[in-house]
Amino acid sequence: MAVERLEITRRESYQNGKAFADGRTYERIEGIAHYAVDPDHAANRAITDLALAERSDGLVRFSGDVTVLVPSDGGNRAMLFEIPNRGNRVMTRMFNQALFDLMPTDEISPGDGFLMDRGWTLAWVGWQWDVPKPGPRMGLSAPFLPVGAAGGQMQLRVQPDNDQADISLTDHHVGSIGNHRLIPTSDVDDPAARLLVRDHIYGDAREFPRQQWRFARDENGAPVTDAEHIWLDGGFKAGQVYDVLYTPRDCPVTGAGLIAARDLASFLRRGGDSPLGQTIDHAVAEGISQCGRFLRTFLNLALNTDESGAAVFDGMLVHIAGGRRGEFNLRYGQPSVQPTPSAGHRFPFADEPQTDPRTGQTAGLLDRQKAAGNLPKIFYTDTAAEYWRGDASLSHLSVVDGSDVEPPDNARRYLFAGTQHGAGVLPLADISPFDSHGSNYFNLVDYRPLYRAAITNLLAWIAEDAEPPASVFPRKADCTATARETVASKLDAIPTLVTPDPAVLPSLYPLDLGPDADQGTVCLPATRTGRAYPCVVSAVDADGNETGGVRMPDVSVPVATHTGFNVRHPNSGGAGQILEYVGLTVPFATDADARQASGDPRPSIAERYPNREDYLQRIEAAAQALVETRLLLAEDVALCASLAADRYDAITDG
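Residues numbered from 1 in each chain as written. Predicted model: local features only at pLDDT ≥ 70, side-chain atom pairs only at ≥ 80, totals over all residues. Heavy atoms only, no water.

**Quick word on the overall build of the protein**
So, point 1. In terms of regular secondary structure, the protein is built from 14 helices and 27 strands.
So, point 2. Relative to the 2.2 N^0.38 estimate, which gives 26 Å for 654 residues, the radius of gyration of the protein is 24 Å and therefore close to what a compact globule would have.
So, point 3. Once the C-alpha set of the protein is aligned to its principal axes, its extents read approximately 75 × 65 × 50 Å.
So, point 4. Burial status across the protein gives 61% buried among its 654 residues.
So, point 5. Pairs at least 24 residues apart make up 73% of the contacts formed inside the protein by residues separated by at least 6 positions.
So, point 6. Positive and negative charge centroids in the protein, built from 59 and 87 side chains respectively, lie 2 Å apart. (Helix = DSSP H or I, 4+ residues; strand = E, 2+ residues; numbered from the N terminus. Rg over C-alpha atoms; globule rule 2.2 N^0.38 Å. Buried < 20%, exposed > 50% of the residue type's maximum accessible area, 1.4 Å probe, protein only. Contact = heavy atoms within 4.5 Å. Lys, Arg positive; Asp, Glu negative; His and termini not counted. Charge placed at Lys NZ, Arg CZ, Asp CG, Glu CD.)

In structure tokens form, the structure reads like this:
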């Protein structure tokens, strides 16, 4: 057991002793896990650069944050172990319908108490080395390599939404909310550093002469030398794609975060000093977006087997990861980066082995875990956004001919049709908290009720061997899968709906990352080779709503068209390109006169539904149909009706 000890730093009654179902209360425990791992142990050899880190008594030591919510009565004897998203504890936002607070906080909102009412033990692990500390987010004090032990460069890609004078050396996808630790250069005068620019992700690169840019920040229009920023003469332009390549000052062992997740989960479940005692029979890992990609990487490296040979997790809920992995076990890895392409966007994509005719490589995502044993039961859930960004369908397509590939027996796969990466929220808006600006309103569909059913079905599969609902995703065999261009051409008939330029839709290609990529060191920038991998999205109905997935009631009984893409607004640059991760909502006209005046081919709301009461009756019927297939919980019929009513009112100004 690689957790030497758990240092308890805080222990308190959760929510001042709030009682949930059956009078159950919770205790909140905060602590720091102290890890000590043998780099030469077979279970640890896959971790890049671990063997180069400094040792004490032959072991590499590091530490990370821990949070646990423990039910007073032992609960359901199952642990839900979340991989925090950029250090944030988010599971109650997803399962408990808690409000989305985008700013980092120490609070764990109970929301409507869904998880607590069911008696889950909840746990979170600090795994990410670049989370800013001190602060409320969970992080890892990772081991670092001795100065001079590492070689090579790292690549940072940024596509700004506004013109700016300088760029900080950190991931920019989530803007100021991310606020990750900056990654300074080792030498502000480094002649080998490079700055490239493209018009779109696969555009031809143009390199700026070294004298036109420098490691500096802008002060009143002038550069001031700064190892944590880059400055460009004339500034950085909105919509352009910039890559800076440089040698960082420090080199953390990024993959230590994978070990932390593995070993803390094993310790909490089985350790003699675990604060959970012997109350856990089943452990389920859950990861959202970045953290779903983390779990795909975890499985690919066979880390669901701990140092003792025991299974870590019985099940995994891998959400909105698509077909990607990430920079979680890479030299100079940046755990939060996700622009396309990067080192995490490469074959294998599907669980079962395939031979890629582009490279000759034969592999499946789960190959190593199968060989090691302890293969968990897996639910993969995605939204339409992961399909439109070009990678999600690769998890169930043949890379040879693009034909359908079914999940293995231990996995189920579900598309939440007509949704975007994050659950849709009111009010209607086209500028996000991250300052991205869409050409249409952002997607309003809140799919979280489907997520609650997923975790319930997954636990029943694990604990009771109850067969879960069949997979629901776009398939060519039943004509629910089609090309993005085909869907876009159908949507073009809808007034005001802006579709992407087919020439700049993101796709994945084989990447030449150099001969040592599988050992965690890559050559940059990666070279695109061969032809693109296949890509499909869900087909759509006459209203433009997706048919190839699980449809929330307000998608099957619509008042709008909902998609998984949204095109960048002209004032953001990047003409015709999509904003990855967000979708759009284009409301129907309110009545026939408005529809005819705009030339909208979609029947208006008044032509579909005589009144609000009729609309909500149809919503409840659609929800009941989902209950019958176990894709929705019976208790959430009312929740679906409430969500649909709010959106009906917002669109009709009710």
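**Here's the deal with the environment of L450**
So, point 1. For L450, the location among the structural elements is in helix α8 (residues 448-464).
So, point 2. Separated by 284 residues in the primary sequence, L450 and D166 have C-alpha atoms spaced 42 Å apart.
So, point 3. When near neighbours in sequence (up to four residues on either side) are disregarded, L450 contacts F416, V550, M552, L626 and L631.

**Some remarks on the sheet that holds strand β11 (residues 213-214)**
So, point 1. Pairing is antiparallel in the open sheet, where 3 strands are placed in the order β8-β14-β11. With partners counted over all chains shown, the strands left at the sheet margins are β8 (164-168) and β11, one partner each.
So, point 2. Strand direction decides the pairing type here: β11 and strand β14 (residues 229-236), joined by 2 bridges, are antiparallel. When the sheet's bridge partners are listed, R214 is paired in β14 with W231. (Pairing = 2+ DSSP bridges.)

**Some points on the pairing of strand β20 (residues 377-383)**
So, point 1. The buried count for β20 comes to 6 of 7 residues, which makes it a mostly enclosed element.
So, point 2. Where strand β17 (residues 315-319) meets β20, 5 bridges bridge the pair, whose relative direction is parallel. Note that in β20 the partner of L317 across the bridge is F379.
So, point 3. In the sheet, β20 pairs with strand β21 (residues 411-416) via 6 bridges, with the strands oriented parallel. Each residue of the ladder has a partner; that of D382, found in β21, is L415.

**Comments concerning the packing of helix α13 (residues 612-628) against helix α14 (residues 637-652)**
So, point 1. With their axes 9 Å apart at the nearest point, α13 and α14 run at an angle of 145 degrees to one another. Seen from above, α13 lies across α14 with right-handed handedness. In this structure, α13 contributes R612, Y615, L616, I619, E620, A623, Q624 and V627 to the contact, and α14 contributes V637, C640, A641, A644, A645, Y648 and D649.
So, point 2. Per-class residue counts for the contact of α13 with α14 are 11 nonpolar, 1 polar and 3 charged. (Axes fitted to C-alpha atoms, helices over the stretch in contact; angles between N-to-C directions. Left-handed = near helix turned anticlockwise from the far one by under 90°. Nonpolar A, V, L, I, M, F, W, Y, C, P; charged D, E, K, R; others polar.)

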